[in-house]
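The residues making up each chain are set out below.
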Amino acid sequence: MNQLNNPTAQAVDNVLIYIFGFSLLLLLGITVVTIYFVVKYRRSKCPEPTSQVEGSWLLETIWTVLPIIIVMTMFWYGWSNYVGLREIPADAMEVKATARMWSWQFEYPDGRKETKLYVPVNKPVKVLLYSTDVLHSFFVPAFRIKRDTVPNMESYVWFQAPETGSYDIFCAEYCGVGHADMTTSVEVLSEEDYAQWASSATVSADPRGLIVLNEQGCIGCHSLDGTENIGPSLFELAGNPREIEKDGKTIEIIIDEAYLQRAIRDPDAEITKGFDPMMPAYDEEAINNEDLQAVVDYLLGKVAEEEPDGDRLMVENGCIGCHSLDGSESIAPTFKGIGQREVTIERDGQSVTIKVDAEYLRRALLDPNAEIVKGFAPMMPAADYLSAEEIDAIIKRLLQE
Ligand code: HEC
Ligand code: HEC
Ligand SMILES: [Cu+2]
């Protein structure tokens, strides 16, 4: 990258070249002189000690004062450039960068949150640095800026990008298993592109819950597709059992709205079995109640898009405990051949024989005691805990029998 107008990189590079140049000069000078003397005064040539110089004011003054001057210029040059790195130009724009295990979040003055740092070209940018958990370090090699983010402490860096493009951001402080994934980028946009980006606001087709999951970096530890990560996958949670550790005991609960809210607000109170208690708590300041609700709604609705499997549903919901598929009958009619059957039922105290169809099956599932199959006791529980899609899938499956 062109270093002109890249003030922070220039400041660092100047000092580096100056100190490195002097060091190289001294290294070469001393090495050359050493080799020269070793050869010149080797033993075979000079078996006797040569003459001793006893004190020289001039020499001693030179080799004391000269290095002091060199070292002081290094200090002065380094200091004045360092001050340049700490003094923010008056027209700088401000962005908040928050480091957390294991992702970065950038927040703009208007409240917009992003996972990449978007900035306009040729504009000084002040980045305020925060950490929500442990030590991290904000490192952008292209601009030669690196500074630790420290919990409960604010610090900052600034830079000005001379060219549009994408520049790496790393975490330069080892912060746990996800450290190596803590990368993102500075996206330097032309003035027009930046203005367009800024006015495009946060309109996104994604549901609010998904936006929050991305913004807050939940995705750094949780997948949304069933693969386990540092945290459990947040896929198909609704209604599933979970073993959790609470107050030193392992108990099983069913995942519901209240559980998910607790898991986000106070994650250490209940730990999902098999995982470490390393999820940070998100209080109302981090995620307000409205966004929390959006996340929970999103997670509860996050299920596979495919049609539910009727066979599986009937096993999972215990239908097969009372009904058989093989024709045998005990406490309930068998499902074998049910789609083709005529059935005699008792309705309002009268016996009627009807053809089994989708409407009948739906009534039998949702309101089983209104029509009782002749010869059986009214002991079927209403299947109203199933979703409409699940009911449809079961009816479809039964009609195929
Ligand atoms: C640093 C990694 C990390 C981050 C970031 C993180 N989590 Fe977690 N999360 C975990 C771990 C580990 C667990 C399991 C241990 C526990 O229950 O605390 C967990 C558990 C959960 C659970 C309970 C899941 C279950 O199946 O029982 C939910 C829900 C959850 N996280 C949601 C979130 C949301 C929403 C966010 C973002 C706002 C988030 N997490 C951010 C690591 C993380
Ligand atoms: C506790 C045992 C029991 C469970 C569990 C049960 N049923 Fe039933 N079911 C019965 C009994 C007994 C009858 C017959 C009496 C009646 O009509 O209520 C019946 C009737 C039916 C009928 C009408 C059958 C016919 O031959 O006309 C259908 C359809 C049915 N059940 C579907 C289901 C489905 C689907 C499930 C699972 C979601 C289920 N049942 C769970 C006991 C059960
Ligand atoms: Cu880090």
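Rules used in this analysis
Residues numbered from 1 in each chain as written. Chains lettered and ligands numbered in written order. Predicted model: local features only at pLDDT ≥ 70, side-chain atom pairs only at ≥ 80, totals over all residues. Heavy atoms only, no water. Near = heavy atom within 4 Å. Polar contact = N/O pair within 3.5 Å; in protein donor to acceptor, adjacent residues only side chain to side chain. Helix = DSSP H or I, 4+ residues; strand = E, 2+ residues; numbered from the N terminus. Nonpolar A, V, L, I, M, F, W, Y, C, P; charged D, E, K, R; others polar. Salt bridge = Lys/Arg side-chain N within 4 Å of Asp/Glu carboxyl O. Buried < 20%, exposed > 50% of the residue type's maximum accessible area, 1.4 Å probe, protein only. Pairing = 2+ DSSP bridges. Axes fitted to C-alpha atoms, helices over the stretch in contact; angles between N-to-C directions. Donors = N, O, S within 2.8 Å, 3.2 Å for Na, K, Ca; no water. Tetrahedral: all angles 85-135°; square planar, octahedral: opposite > 155°, others 65-115°. Parallel < 35°, antiparallel > 145°, perpendicular 65-115°, else oblique. Contact = heavy atoms within 4.5 Å.

**Quick look at the site of ligand 1**
In the region of ligand 1, 30 residues are neighbours, and Cys218, Cys221, His222, Tyr259 and Met279 sit closest. Here a nitrogen atom of ligand 1 and a side-chain polar atom of His222 are 2.7 Å apart. A distance of 2.5 Å separates an oxygen atom of ligand 1 from a polar side-chain atom of Arg242. Listed by contribution, the elements that provide at least two residues to the shell around ligand 1 are helix H5 (257-265) and strand S13 (270-272). For the shell around ligand 1, the leading source of residues is H5, giving 4 residues. Taken together, the residues that form the shell around ligand 1 break down as 22 nonpolar, 5 polar and 3 charged.

**Description of the pattern of salt bridges**
The full count for this structure, using the stated rule, is 12 salt bridges. Measuring nitrogen to oxygen at the nearest pair gives 3.9 Å for the salt bridge that ties Glu270 to Lys246. You can see Glu270 sitting in strand S13 and its partner Lys246 sitting in strand S11 (residues 241-246), a full 24 residues away along the chain. Take Glu270: its relative accessible area is 7%, and that puts it in the buried class.

**Some thoughts on the sheet that holds strand S14 (residues 342-347)**
Read across the sheet, 3 strands follow the order S15-S14-S16 without closing on themselves; strand pairing throughout is antiparallel. In this open sheet, the two strands that pair with only one neighbour each are strand S15 (350-355) and strand S16 (371-373). Adjacent strand axes in the sheet meet at a mean angle of 40 degrees, parallel and antiparallel pairs treated alike. When S14 meets S16, the two strands line up antiparallel, connected through 3 bridges. Looking at the pairing, Glu346 lines up with Ile372 of S16.

**Observations concerning the coordination of the iron atom of ligand 2**
Those donors, His323 (NE2) and Met380 (SD), are the protein atoms that reach the iron atom of ligand 2, and they lie 2.0 Å from it. Around the iron atom of ligand 2, the 6 donor atoms are arranged such that angles at the metal cover 89 to 180 degrees; this shape is classified as octahedral. Highlighted residues: His323 in the loop between helix H8 (319-322) and S14 and Met380 in the loop between S16 and helix H10 (388-399), separated in sequence by 57 residues. Look at His323 and you get buried, because its relative accessible area is 12%. Using a relative accessible area of 31% as the deciding quantity, one classes Met380 as partly exposed.

**Considering the site of ligand 2**
Surrounding ligand 2, one finds 26 residues, the nearest of these being Cys319, Cys322, His323, Tyr360 and Met380. Within the side chain of His323, an N or O atom sits 2.8 Å from a nitrogen atom of ligand 2. One nitrogen or oxygen atom from the side chain of Arg341 is found 3.0 Å from an oxygen atom belonging to ligand 2. Elements with a minimum of two residues in the shell around ligand 2: H8, helix H9 (358-366) and S16. Of the residues in the shell around ligand 2, the class split is 22 nonpolar, 2 polar and 2 charged.

**Digging into the coordination of the iron atom of ligand 1**
In this structure, His222 (NE2) and Met279 (SD) serve as the protein donors to the iron atom of ligand 1, at separations of 2.0 Å. Taken together, the 6 donor atoms coordinating the iron atom of ligand 1 span angles of 88 to 177 degrees at the metal, a pattern that classifies the geometry as octahedral. In this pair, His222 sits in the loop between helix H4 (208-215) and S11 while Met279 sits in the loop between S13 and helix H6 (289-301), placing the two residues 57 residues apart along the sequence.

**Some points on the packing of helix H1 (residues 7-40) against helix H2 (residues 57-86)**
Two numbers describe how H1 lies on H2: the axes approach to 9 Å, and their chain directions differ by 170 degrees. With respect to each other, H1 and H2 are oriented roughly antiparallel. Residues Thr8, Ala11, Val12, Asn14, Val15, Tyr18, Ile19 and Phe22 of H1 touch H2, and the partners they reach there are Ile70, Thr73, Met74, Tyr77, Gly78, Asn81 and Leu85.

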